[in-house]
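# Descriptive analysis of the structure
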Amino acid sequence: LKSPLMQQVDDIVNTGTTLRNSIGQLKENGAESVYAWATHGVFGSPNNDAPEKLQATPGLDYLLISNSVSINRPLPDKIRQLSVAPLLAEAIARALHNQSISGILNLDEMRRKAERYDD
């Protein structure tokens, strides 16, 4: 590995098995710490012990998930949620003002000048 700090990106984390296995492989290959991101954390079932298993995973500094899936229980410290509300609000506002919704995802455009509905 070129860096002792690694980033893992996935779309869905449900059981956490794939994430834990990949973190294990990264650790075996020299990663000192891993930061993971997943769009959807599907941990809603009370008998889903993935959050606790991820909390106990050596090398995982934290997992960042969106709040796109409702989770009605406390999450361990290593799992943090990010609200998608500002992104959805911006998309709705752009649609109402006949502006580009896909422009939200164009980072090059955002660096030049953020095109927002309220400009």
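Residues numbered from 1 in each chain as written. Predicted model: local features only at pLDDT ≥ 70, side-chain atom pairs only at ≥ 80, totals over all residues. Heavy atoms only, no water.

Each helix and strand in the protein was counted, giving four helices and four strands. N-terminal to C-terminal, the α/β element order of the protein is β-α-β-α-β-β-α-α. Per-residue burial for the protein yields a buried fraction of 31% across its 119 residues. Considering only contacts in the protein between residues 6 or more positions apart, those separated by 24 or more positions represent 60%. Counting only carbon and sulfur atoms, one obtains 53% of the accessible surface of the protein, whose full area is about 7700 Å². (Helix = DSSP H or I, 4+ residues; strand = E, 2+ residues; numbered from the N terminus. Buried < 20%, exposed > 50% of the residue type's maximum accessible area, 1.4 Å probe, protein only. Contact = heavy atoms within 4.5 Å. Areas by Shrake-Rupley, 256 points an atom, 1.4 Å probe, with all protein chains shown as cover.)

Once that is clear, we can look at the nonpolar core. Leu19, Phe43, Leu54, Leu63 and Ile65 are the most contacted members of the largest nonpolar core, which totals 17 residues. Counting residues per element, the ones that place at least two in this core are strand E1 (5-13), helix H1 (17-28), strand E2 (33-41), helix H2 (50-55) and strand E3 (60-66). Among residues more than four places away in sequence, those in contact with Leu63 are Leu19, Ala36, Trp37, Ala38, Phe43, Leu54, Lys78, Ile79 and Arg80. (Core = buried A, V, L, I, M, F, W, Y, C linked by side-chain atoms within 4.5 Å.)

Moving on, we come to the side chain of Ser33. In this structure, Ser33 sits in strand E2. With sequence-adjacent residues up to four places away left out, Ser33 is seen in contact with Pro4, Leu5, Met6, Gly59 and Asp61.

Turning next to the pattern of salt bridges. Taken as a whole, this structure holds two salt bridges when the rule is applied. Lys53 is the partner of Asp49 in a salt bridge, and the nearest nitrogen-oxygen pair spans 3.6 Å. In this structure Lys53 comes out as partly exposed when scored by relative accessible area, which is 36%. Residues Glu90 and Arg94 are paired through a salt bridge, measuring 2.9 Å at the closest nitrogen-oxygen approach. Taken together, the residues Glu90 and Arg94, both in helix H3 (residues 85-96) and four residues apart, mark about one turn of the helix. Summarising the burial analysis for this pair, Glu90 and Arg94 share the class buried. (Salt bridge = Lys/Arg side-chain N within 4 Å of Asp/Glu carboxyl O.)

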